[in-house]
Amino acid sequence: MAPTKQAKQAPTRQAITLKGSTALVTEFFKFAANTILFQRGVYPADDFHMVKKYGQTVLVTQDLALENYLEKILKQVNQWLLTGSITQLVLAIISKDSRTPLERWVFDINLVEPPADSSEAAPAKPESEIQAEIRNILKQIVSTVTFLPVIDEPTVFNILAYTKESAEVPANEWVDTDPLAIEASKSQQVKLRSFSTDVHRIEAMVAYRYEG
Amino acid sequence: MSHGDKFSTPVNSSSRFISPIPRSSAIKRDSLAAELERDPQLSTAKRQQRTQAFSSHLAHASLERQLAAAQTTKLELESKLREKDLLIERLEGDRRWLAEREKEEREEKEREREEALDAKRKADSELRSLRTQLASLREQHVDLEDEHSTLSRSTSQTISSQKSQVTTLARQVSLLENQLEEFRQLAEERAHAFDELQAQFDELNAAQDSVTLNHGQEDEDWTVVREELHRQAKYMRQLESANTKMTVELNVLREKQTSVEVLKEQKRELERKLHGAEDLREQVVKLEAELDAARQAREEWASTAQPATPSKTPVSVTQSLSNLRLTHAKLMEEHGSNVALLRHRDQTISELQARETQLQETVDSLRDEVRDLKGRVARSEHKAALSEREVSFLQAMVASFNAESAANGDVKLEDDASKPLQQLEALVKDYKGVVLALENELKHVRENTVVAEDLQAKQQLLAELERERAAKEEAEQALKEAESESEKQLEQIEELEQTLFELRGEIGAGRHLPPGVRVLSLRDNPAQQWEDLSKAAMDRLKGENEALLKRLKELEESGIRGLGQSASKEDLVPRESYEGVRAEMLKLDQELKAKDKRLQRLQEIFRKKGEEFREATASILGVKLVFYPNGGVRVTSQFDLNAAFVFKPTDSQNGGKMQLIEQGEGGPEDLPQLMRYWIEEQGCIPGFLASVTLECYDKRKRELEHQQ
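Residues numbered from 1 in each chain as written. Chains lettered and ligands numbered in written order. Predicted model: local features only at pLDDT ≥ 70, side-chain atom pairs only at ≥ 80, totals over all residues. Heavy atoms only, no water.

Participant: What exactly am I supposed to notice about the overall build of chain B here?
Facilitator: For chain B, the helix and strand inventory stands at twelve helices and five strands. In chain B, which comprises 708 residues, the proportion classed as buried is 14%. (Helix = DSSP H or I, 4+ residues; strand = E, 2+ residues; numbered from the N terminus. Buried < 20%, exposed > 50% of the residue type's maximum accessible area, 1.4 Å probe, protein only.)

Next up, the structure:
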């Protein structure tokens, strides 16, 4: 998975900090959310324009309202990541008419604990490797179109943040909400790739409603 | 619209070129005539006026005369008045002087009065103060009198007491004087004595002086004596210590003495016993002798008087003899046994003594050994403790391993399982090393200590070894168990991973919420917005629906007679729909207004731009343009306002070609020529206009020069 050639090119890279890792993860969320919204047709394709990122073209929305919304969420997610109080970020796609949740894109956020017994710190993961992992996840999201059920109704989306009880939540902006669960009998799930910095490990998964 | 109407231009209308002002041609009239015309009765009034003027003139003359007379009288009167004035002034001066005097007097009087009043007031106040002083003084007086009386009383008392005191004191004085006398006498006596003593002292001093000479020698003696004393004291101390030592020794010796005494007594007793024994021996010897004698006698008797009756000797004798013999034999036996016993005892004693010494030796050697062994035991105990600790560590490891396996779901279980394995292996290696070392030690010990007493230590060591072996086995067992457990756990891990995936699905699908986790979303999210929007629409529709239903019910209730009534026209449309429509209308109105405003603004801009355009053409091309709504254009030269042309587009479709259709009155003289050449021949309107402009400019320039 990791191109060793690239790893050799940056052998003296310093270990990634919590801040750096948080920024990386937040950025990933932005592009992942945009990719999902485009691929699943939540917003019209005209709203998106191409941007070069992670060594590939990624589609990013131009809708100002949506941009603001994502920006607001990611800012708070960034805060939570820094304090380690967020455990999961979920992008739920909901049917406009029936209001049933159709898809839940789940990003598990785990803190990577350094191995307790090893006396010397593990070698820092080169950023190129992390980028390659992120690229693979985004590609996988694109490829999920092949097996996810076709959505032929207008949809709307919502982003849920699973945080610890102790997390600091800005009042009036964020509210406790329904987890938008998919019925057990009609739920399928596919585990996607994951990526990890030296601090965080993000595991992606998509659960979707499937009436076979 | 007709053709003529369209082109009713100022070129045609003559009014444009003719001055509109009319010239006046009326005749001026007399004002009097005008007045006469106005009022024919005025002439009679005038006549009357003239007569009146005449009479007034006469009156005026008489009045003038009267005035002259009056003036003369007035002059006289004025002179009189002046005199009178002078008189009055003089009198007034006198009066003023008098008044001043009077005023001065009055002021003086007033001042005096004020002074008097002041004085009186002062006097009054003084009087008042004096009175108060008097009152206070009186009070003081009374007080002082009281005081005086009390003081006089107290003084009399004191005086009497002092008198009595004086008397007593006088008595004391006399007494003291007597005493003084006595003391003086005594002092004198003393002085005498003192003198005597002084004399004695002097004498003694003299003696002392002689004595002091010997004093130095005494000091030396003293030092010697002191040293001697020191020495003696030291000696005494030595003696005392020796004495104590001796007494201690004495005590010891006394004790010894007492023991010696005891021993002596024992010895004496034993001697006494020995004497007894010698007596007995003598007796024994005597008895033997008797026995021998008796035997001899019997033999003799037997040999001699055998055939004879044995009754030669009395039976009693024989009996006693036999008895004696018996006792003798018994005694002999006793003696023999005693002696044997004694010897036996002696032997045992010697044996025991030998054995004791031997035992003593063995005890010493054993003690040494014991010491060695204790050291070894301590070492082995230490080792045992170590191994126990290791065992406990292993147990803890196993426990932790179990705990980890219990806390399943950890991704790192595999690593953790292999870790204790490695540790256990390392432990086994350690144990093997320890066992080897112990075996070496054992061998060493065996070589060194061939003594029988080492057996115990050896046994201990062996036991230890056994224990170690057992521990090792235990450890190996634990290792095996751990390995099997790890295998089991690996299986479990796989199972758990499967369930984990399923559970993740549960969480991912949002059906399960882990404890201590909150699900949050932005209040203002797209889904919420959509919902709000649809809810609002729904609410509106619901309201409308309800209103309609209500209306329906009302209609049903009122029945058919409501049909004909037009009174409730407003209610025919439900309020809600009406509101909705109105809101829409308002919105549209607003939009319309905005559009209007925009249109207006655009028009303004257009107008401004058009003006700018016209000004630009005027300044650049020298012509003024006016556009007609039908597409025609009037061109007027700037230099000659009479030179105006109207063009009209020939074809409204392509709109490019223009046609000259009218022309103004003015313009250059050779206009027809230009027109013919440029328009008819060349068909070039710009060229025509340019030449016209040139001509007009030339013409104007000439005119200006001419004027100047």
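Participant: Explanation requested: the sheet that holds strand 3 (residues 86-95) of chain A in the structure shown.
Facilitator: Each strand in a sheet pairs with another by means of backbone hydrogen bonds, the pair being arranged parallel or else antiparallel. Spatially, 6(A)-1(B)-5(A)-3(A)-4(A)-8(A)-7(A) is the arrangement adopted by the seven strands of the open sheet, whose pairing is antiparallel. What marks the edges here is a single partner per strand, and that holds for strand 6 (174-176) and strand 7 (187-196) of chain A. Looking at each pair of strands side by side, their axes are set apart by 25° on average, direction ignored. Note that strand 6 of chain A and strand 1 (residues 517-522) of chain B share three bridges and pair antiparallel. When the sheet's bridge partners are listed, valine 175 of chain A is paired in strand 1 of chain B with serine 521 of chain B. Sitting on the sheet, helix 2 (residues 18-39) of chain A touches strand 3, strand 4 (101-111), strand 5 (155-164), strand 7 and strand 8 (200-209) of chain A, and the angle it makes with strand 8 of chain A is about 20°. (Pairing = 2+ DSSP bridges. Axes fitted to C-alpha atoms, helices over the stretch in contact; angles between N-to-C directions. Contact = heavy atoms within 4.5 Å.)

Participant: Could you clarify how one ought to interpret the packing of helix 2 of chain A against helix 4 (residues 127-143) of chain A in this entry?
Facilitator: Packed helices, taken two at a time, are described by the angle their axes make and the gap between the axes. All names here are of chain A. Direction vectors running N to C along helix 2 and helix 4 enclose 20°, while the axes themselves pass 10 Å from each other. In terms of orientation, helix 2 lies roughly parallel with respect to helix 4. In this structure, the crossing between helix 2 and helix 4 has a hand that is right-handed. Mapping the contact onto sequence places Leu24, Phe28, Phe31, Ala32, Thr35, Ile36 and Gln39 in helix 2 and Glu127, Ile130, Ile134, Ile137, Leu138, Ile141 and Val142 in helix 4. (Parallel < 35°, antiparallel > 145°, perpendicular 65-115°, else oblique. Left-handed = near helix turned anticlockwise from the far one by under 90°.)

Participant: Would you mind going over a nonpolar patch on the surface with me for this structure?
Facilitator: Residues Trp222, Val225 and Leu229 of chain B make up a contiguous nonpolar surface patch of roughly 300 Å² in combined accessible area. Mapping leucine 229 of chain B onto the fold places it in helix 3 (residues 42-304). (Patch = residues over 30% accessible without salt bridge, like charges linked within 9 Å, V, L, I, M, F, W, Y side chains within 5 Å. Areas by Shrake-Rupley, 256 points an atom, 1.4 Å probe, with all protein chains shown as cover. Salt bridge = Lys/Arg side-chain N within 4 Å of Asp/Glu carboxyl O.)

Participant: In this structure, what is going on with the packing of helix 2 of chain A against helix 3 (residues 64-83) of chain A? I would like to understand it.
Facilitator: All names here are of chain A. The contact between helix 2 and helix 3 brings their axes to 10 Å, and the two run at 150°. Considering the angle they form, helix 2 stands roughly antiparallel to helix 3. Once helix 2 is placed against helix 3, the crossing between them reads as right-handed. Contact residues: helix 2 offers Leu18, Lys19, Thr22, Ala23, Val25, Thr26, Phe29, Lys30, Ala33, Asn34 and Leu37, while helix 3 offers Leu66, Leu70, Leu74, Val77, Asn78, Leu81 and Leu82. Class assignment for the residues of the contact of helix 2 with helix 3 results in twelve nonpolar, four polar and two charged. (Nonpolar A, V, L, I, M, F, W, Y, C, P; charged D, E, K, R; others polar.)

Participant: So what exactly am I meant to see when it comes to the UniProt feature "coiled-coil region" (unreviewed entry) in chain B here?
Facilitator: Feature annotation in UniProt assigns "coiled-coil region" (unreviewed entry) to the following positions: residues 236-304, 349-383 and 421-506 of chain B. Helix makes up 100% of residues 349-383 of chain B and strand 0%, with an end-to-end C-alpha separation of 48 Å. (UniProt positions renumbered as here; feature names shortened; annotations may be inferred.)

Participant: I'm lost on the nonpolar core in this one. Help?
Facilitator: The nonpolar side chains of a soluble globular protein tend to be buried with one another. Formed by 49 residues in total, the largest nonpolar core has its most connected members in Phe28, Phe29, Leu91, Trp105, Phe107, Leu138 and Phe157 of chain A. Ranked by residue count, the leading element in this core is helix 2 of chain A, at nine residues. Look past the residues within four positions of phenylalanine 29 of chain A in its chain and what remains in contact with it is Leu74, Val77, Leu89, Phe107, Ile109 and Ile202 of chain A. In this structure, Val633, Val635, Phe645 and Phe647 of chain B belong to the second largest nonpolar core, which totals 16 residues. (Core = buried A, V, L, I, M, F, W, Y, C linked by side-chain atoms within 4.5 Å.)

Participant: Any chance you could explain the confidence of the model for chain A here in plain terms?
Facilitator: Low-pLDDT portions of the prediction should not be read for the details of their coordinates. Taken over all residues, the pLDDT of chain A has a mean of 85, while the share at 70 or more is 89%. Across residues 1-12 of chain A the pLDDT falls below 50, and counting only partners more than four positions away or on other chains, this stretch makes eight contacts in the model. (pLDDT = per-residue confidence, 0-100.)

Participant: Looking at this structure, I do not really get the interface of chain B and chain A. What am I missing?
Facilitator: By a frequent convention, interface size equals the accessible area lost on bringing the separate parts together. Contact residues are listed per partner, giving 27 residues for chain B and 46 residues for chain A. At the boundary of chain B with chain A, total buried surface from both sides reaches about 3,200 Å², with 56% on carbon and sulfur atoms. Broken down residue by residue, the surface that chain B buries against chain A is led by Arg518, Leu520 and Leu522 of chain B, which jointly contribute 22%. If you look at where chain B meets chain A, you find three salt bridges. Arginine 504 of chain B is paired through a salt bridge with aspartate 108 of chain A; the nearest N and O atoms lie 3.6 Å apart. (Buried area = accessible area lost by both parts, 1.4 Å probe.)

Participant: Teacher, can you tell me more about the pattern of salt bridges here?
Facilitator: Side-chain pairs of opposite charge can arise whenever the charged atoms involved come near each other. Summed over all chains, the structure comprises 29 salt bridges over all chains. In this structure, the salt-bridge partner of arginine 121 of chain B is aspartate 118 of chain B, at a minimum N-O distance of 3.1 Å. With arginine 121 of chain B and aspartate 118 of chain B both in helix 3 and three residues apart, the pair spans about one turn of that helix. By sharing partners, the salt bridges in this structure join Asp108, Lys191, Arg201 and Glu203 of chain A together with Arg504 of chain B into a single network.

Participant: Got a minute to help me understand the pairing of strand 5 of chain A in this structure?
Facilitator: Two faces belong to every sheet, and in a regular strand the side chains alternate between them. Among the ten residues of strand 5 of chain A, nine are classified as buried, and the element is accordingly described as predominantly covered. With nine bridges connecting them, strand 3 of chain A and strand 5 of chain A associate as antiparallel partners. When the sheet's bridge partners are listed, alanine 92 of chain A is paired in strand 5 of chain A with asparagine 158 of chain A. In terms of strand pairing, strand 5 of chain A meets strand 1 of chain B through four bridges, oriented antiparallel. Bridge pairing in strand 1 of chain B places tyrosine 162 of chain A opposite valine 519 of chain B.

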